[in-house]
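Results of the structural survey
Each chain is listed here by its residues.
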Amino acid sequence: MSSISYIGFILCIFGEILRKTAMVHAGNGFTHKLALSKRPDHRLVTSGIYSYMRHPGYAGESFYWIFMMAVMECWYTVNSV
């Protein structure tokens, strides 16, 4: 593996940790189900990781997939992002 692959691997793991932290911190507010109306027990999370960024789950997922391309040394995909 090249040094770029190692750096990509570390950033990929960072993205996964960021996403998992968002999932744990949001609790039952982090779901994959489409909501057509607001639940009565819904609350907006503004503390923890959510105080630094609005969508840490999406940011973590983006880090994961973008830097996974660096791990696999797929430069065409990395350069097109």
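You'll find the protein chain entered in an unreviewed UniProt entry as Protein-S-isoprenylcysteine O-methyltransferase, with Heterorhabditis bacteriophora given as the organism. As its UniProt record puts it under Catalytic activity (unreviewed entry), the protein chain is described as follows: "[protein]-C-terminal S-[(2E,6E)-farnesyl]-L-cysteine + S-adenosyl-L-methionine = [protein]-C-terminal S-[(2E,6E)-farnesyl]-L-cysteine methyl ester + S-adenosyl-L-homocysteine". The UniProt entry for the protein chain carries the following comment under Sequence similarities (unreviewed entry): "Belongs to the class VI-like SAM-binding methyltransferase superfamily. Isoprenylcysteine carboxyl methyltransferase family."

A word on helix α1 (residues 3-26). Over its 24 residues, α1 runs 35 Å from end to end, which matches the ideal 34 Å to within 8%, given 1.5 Å per residue. Residues of α1 that are buried include every one of Ser 5, Gly 8, Cys 12, Gly 15, Leu 18, Arg 19, Ala 22 and Ala 26, and no others. Buried residues along α1 sit against α2 (56-71). With its phi angle positive at about 65 degrees, Gly 27 sits one or two positions after the end of α1.

The rules we used
Along every chain, residues carry numbers that run from 1 in the direction the sequence is written. Only residues with pLDDT of at least 70 get local features here, since the model is predicted, and only at 80 or more are side-chain atom pairs given and counted; chain-wide, interface and lining totals rely on the full set of residues. Hydrogens are left out, water is left out, and the side-chain values use all remaining heavy atoms of the structure. UniProt positions are given in the numbering used here, feature names are shortened, and annotations may be inferred rather than shown by experiment. A run of H or I in DSSP becomes a helix once it reaches four residues, and a run of E becomes a strand once it reaches two; helices and strands are each numbered from the N terminus. Multiplying 1.5 Å by the helix residue count minus one yields the expected span of that helix. Note on exposure labels: buried denotes an accessible area under 20% of the residue type's maximum, exposed denotes more than 50%, and partly exposed covers the range between, all computed with a 1.4 Å probe on protein chains only. Any two residues whose heavy atoms approach within 4.5 Å are treated as being in contact.

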